[in-house]
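Residue strings, one per chain:
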Amino acid sequence: MIKVKKRKILLLPGDGIGPEVIGEVRKIINWFNDKKSLDFEIDEDLAGGCSYDKHGTPITDEVFYKALESEVVMLGAVGGPKWDNIEFSKKPERALLKLRKELKLFANLRPAICFEQLVGASTLKPEVVSGLDIMIVRELTGGIYFGEPRGIKPIENGERKGINTHTYTTSEITRVARVAFDLARKRSNKVTSCEKSNVMEAGQLWKEEVQELHEKEYKDVELSHMLADNCAMQLLRNPKQFDVIVTDNLFGDMLSDQASMLTGSLGLLPSASLGAKNKDGEMRAMYEPIHGSAPDIAGKGLANPIATVLSFAMALRYSLDLDNEADALENAVQTVLNDGLRTKDILSESMKEVSTSQMGDAIISKLQ
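So, here's what we can say about the structure. (Residues numbered from 1 in each chain as written. Predicted model: local features only at pLDDT ≥ 70, side-chain atom pairs only at ≥ 80, totals over all residues. Heavy atoms only, no water.)

1. Describing the overall build of the chain
If you tally the helices and strands in the chain, you get 12 helices and 14 strands. Relative to a compact globule of 368 residues, whose C-alpha radius of gyration would be 21 Å, the chain shows 21 Å and is just as compact. C-alpha atoms of the chain, sized along the principal axes, occupy 60 × 50 × 45 Å. Looking at the chain as a whole, 52% of its 368 residues qualify as buried. A sequence separation of at least 24 residues applies to 73% of the contacts in the chain between residues at least 6 apart. For the chain, the accessible surface area stands at approximately 16900 Å², while carbon and sulfur atoms represent 48% of it. (Helix = DSSP H or I, 4+ residues; strand = E, 2+ residues; numbered from the N terminus. Rg over C-alpha atoms; globule rule 2.2 N^0.38 Å. Buried < 20%, exposed > 50% of the residue type's maximum accessible area, 1.4 Å probe, protein only. Contact = heavy atoms within 4.5 Å. Areas by Shrake-Rupley, 256 points an atom, 1.4 Å probe, with all protein chains shown as cover.)

2. Here's the deal with the nonpolar core
In a soluble, globular protein the nonpolar side chains are often hidden away together inside. In terms of nonpolar packing, the biggest core is built from 67 residues, with F40, L109, V137, Y287, F312 and I363 touching the most fellow members. Setting aside anything within four residues of it in sequence, one finds Y287 in contact with V72, V73, M74, L75, S271, A272, L274, S311, M314, A315, Y318 and S319. Formed by 20 residues, the second largest nonpolar core is a distinct cluster that contains V128, C194, L235 and I245. (Core = buried A, V, L, I, M, F, W, Y, C linked by side-chain atoms within 4.5 Å.)

3. Description of the pattern of salt bridges
Summed over the entire model, instances satisfying the criterion amount to 18 salt bridges. Of the charged contacts in the structure, one is a salt bridge between D45 and K66, with a shortest N-O distance of 2.7 Å. Of the two residues, D45 is situated in the loop between β2 (40-44) and α2 (49-55) and K66 in helix α3 (residues 61-68); the sequence distance between them amounts to 21 residues. Between K216 and E212 there is a salt bridge; the shortest N-O distance is 3.0 Å. Placement of both K216 and E212 in helix α7 (residues 201-217) is noted, with a separation of four residues, approximately one turn of the helix. The class of K216 is exposed, set by a relative accessible area of 62%. Connected through shared salt-bridge partners, E24, K27 and D361 make up one network. (Salt bridge = Lys/Arg side-chain N within 4 Å of Asp/Glu carboxyl O.)

4. Notes on the environment of T60
Tracing the sequence through the fold places T60 in the loop between α2 and α3. A residue is classified by how much of its surface remains accessible, and T60, at 14% relative accessible area, is buried. Measuring from C-alpha to C-alpha, the distance between T60 and D45 comes to 9.9 Å, with 15 residues separating the pair along the chain. With residues up to four places along the chain from it excluded, the contact list for T60 reads S51 and H55. Side-chain polar atoms of T60 contact the backbone nitrogen of V63, separated by 3.2 Å. (Polar contact = N/O pair within 3.5 Å; in protein donor to acceptor, adjacent residues only side chain to side chain.)

Structural data, given as C-alpha cells:
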C-alpha cells in the first residue's frame, strides 16, 4: 500500500486526566499507522500546569513553535486546584489561550450529540434529547476575553475597578459566520445566530454583519437571529429546533457548556478550534475534549477517553481530509457503546464498567 506524506501531530496531554485520555489517542494513531499505512509523525510535550512546574511557564517557546509546525495539535486538559494561587499570567489556562490566539484559531466547533445508547444519562426527558445533534460555532479570538482596555485599577475612596472590553470587527464576525454557514450546508442547512443586540452595540453589529453575509453568499441556508439569553432557555425547552448555532466568544463559552450537559456526560463531547485556510487550503487547528482535568480521578483509570477519541476523529475529518477514517473511528465508538461498555461516568444498570485503557482497547478492536 502506498504511504501518504508524513503529517505532524503534536500531543499535549496536559494535567489531571489529560495524559490518560491522550494516551488512548496515541494508541489509535499508532493503529492507523500500522494497519492503514498512514504515516503520522507523533511528538509529545508539556503544556499547562505540568509545564509551569518544570519550566515556570504554562507553555515554552519551544512547544509553541512545535505547535506552529504541526498539522494537528491534540490537547488533553490543563489546570487544577494545585495552580489556583499562582500569578494570573502563569496559570495553566494561559497556555490554551496563547495557542488559540497565536495560532489564530478563530472558530471553535463544539458538537452536542446525544448518543442513542445514553439518552437516559441526560437530566432532560428522553423525548426532549433523543436524536439531538447540534453544532455550536464559537468565535474564539475576539470579544470580551481579548478586548482592550482591560485590567484592575484603583479608583477613589479606596475602591478598585475591573475592566474588560467587548469588541468585534466586521471581519472577525464574517469569518466565523462563514464557517457556520458552510457547516450548515453539510448538515440540516439551518443557522441560528446569537448575540445581545438589544443592549450591546457589538451585538447589534454582529447581527447586522451576519445578516448581510447571509444575503450576499448564503441565501440557500435558513438563518434566524436569537438573543443569547433566550437561546439558553430554548436549549433546555426544545434543543432539537437548532442545527448550527453561531455566537461570540463569551456567549459561546456559556451556551456550549450548557448544550454539552443535554447529552448526559462531558466525557463524550469533542471540540475543534480552526484557523483560516492558506492559499494551499491548509490550516492550523487544535482538537481537545471539552471536559476539564478532573484531578480528583487522575491516575485511577476512571477517565472517559471517548471525548478525546472523537476529537481525533474531528482532526481526521477537518485537518487531515480522511473522512473514511473519521467515519470508521466514530462508528467504532458507537459499536462499543452498543456493546454495553461504559466508563464510570456513564455507567448504568446492566452495563459493564471498563477502565480508561479498556475503553480505548475496545474502540481499537472495533476498528479491526
